[in-house]
Amino acid sequence: MGRAPPLPFFQRGFSCSVLGGMEPHRNPPTALVLDFDGVICDSVEECFVSSWTAYHILFRKEPAAEAPPAARHAFSRLRPFIRTGEDFVVIQDIIARGDAVSDQKGFDAAARRASADTRRLFRDLFYQARTTLLERDRQAWLGLNRIYPHMAAAFARMPRGAPVWILSTKKPRFVAEVLAANGISVREGHILASEDEPKLSAVEGLREREGFPGAILVEDQIDAIKGNTNPRIRVFLATWGYVKEEWLEEPAAVPLLKPEGFLELVEAEFAR
Ligand SMILES: [Mg+2]
């Protein structure tokens, strides 16, 4: 992918508080690790439709019906608490029961209410619903997975072969589908499934394996990054993702990254 001309803000120098007035640096090389949902892709619509189908049609065997707008609203409100694929079906369970869940602790308690077998079933049904949607109408499915415009712009500015990895709980097959449909290419083997390993540990493993002195992890699930004590990993919370207002209040528990800050970071790391 060719590099577009420098962005106007880059010509003006850095203004982003995240970078603290740092000069662009080319060395040492850094591995950039990005979460997918809520960092690269706005997938809340697709996750709603897949989990609604998984819970109501496949799990509870209810007749197909239009989802009420209130359910969509409640789903968006609970989306920041998601940790794994089956949690999307847990959200539908919370909504159907009318549970009052307003924080991560409450969400995790609701998620634990399901047995290990039920959680496995939720996961299987969620992916079954997603696969069916994709295979039935690929364009419609892709339309429910929107790349954030500033992320599309950032990928367009990265040189070919940039050391970028995507680390997601989503199956790599689905990540690859969305990226390919949007003309975004990442190197072979750079879409990784985080599965049960904590993301910070997965990033450290990747950094060591690939021989990078440092790594950057951009996430929108605060719990995945707020305990970072590894000096070789810089973490950022993507303010544009599925975040709660309170996560963004100053002083923030983790460094915040705004869309313009991400573009500056890409310029600083990868500009040639
Ligand atoms: Mg995310």
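Heads up: the structure comes first, above all this text.
Brief notes about the overall build of the protein
And then number 1: If you tally the helices and strands in the protein, you get twelve helices and eight strands.
And then number 2: In the protein, which comprises 272 residues, the share counted as buried stands at 36%.
And then number 3: Summarising the internal contacts of the protein: among those between residues at least 6 apart in sequence, 71% fall at separations of at least 24.

Brief notes about the packing of helix H8 (residues 149-157) against helix H12 (residues 259-270)
And then number 1: Viewed as axis vectors pointing N to C, H8 and H12 meet at an angle of 5 degrees, and their least axial separation amounts to 10 Å. In terms of their interaxial angle, H8 and H12 are classed as roughly parallel. Contacts between H8 and H12 involve His150, Ala153, Ala154 and Arg157 from the former and Pro259, Phe262, Leu263, Val266 and Glu267 from the latter.
And then number 2: Residue classes in the contact of H8 with H12 are distributed as six nonpolar, one polar and two charged.

Digging into the pairing of strand E4 (residues 164-168)
Note on strand geometry: in a regular strand, side chains alternate between the two faces of the sheet.
And then number 1: Among the five residues that make up E4, four are buried, leaving the element largely enclosed by the rest of the structure.
And then number 2: Relative to E4, strand E1 (residues 30-34) runs parallel, the two being bridged by three bridges. From the neighbouring strand, leucine 32 faces E4, where its bridge partner is valine 164.
And then number 3: In this sheet, strand E5 (residues 191-193) lies alongside E4 in parallel orientation, the contact comprising three bridges. Counted as the bridge partner of isoleucine 166 is isoleucine 191 from E5.
And then number 4: Handedness of the β-α-β unit built from E4, helix H9 (residues 172-181) and E5 comes out right-handed.

Thresholds applied
- Residues numbered from 1 in each chain as written.
- Predicted model: local features only at pLDDT ≥ 70, side-chain atom pairs only at ≥ 80, totals over all residues.
- Helix = DSSP H or I, 4+ residues; strand = E, 2+ residues; numbered from the N terminus.
- Buried ≥ 20, exposed ≤ 12 C-beta atoms within 10 Å, placed from the backbone.
- Contact = placed C-beta atoms within 7 Å.
- Axes fitted to C-alpha atoms, helices over the stretch in contact; angles between N-to-C directions.
- Parallel < 35°, antiparallel > 145°, perpendicular 65-115°, else oblique.
- Nonpolar A, V, L, I, M, F, W, Y, C, P; charged D, E, K, R; others polar.
- Pairing = 2+ DSSP bridges.
- Right-handed = clockwise from strand over helix to strand, strands pointing away.

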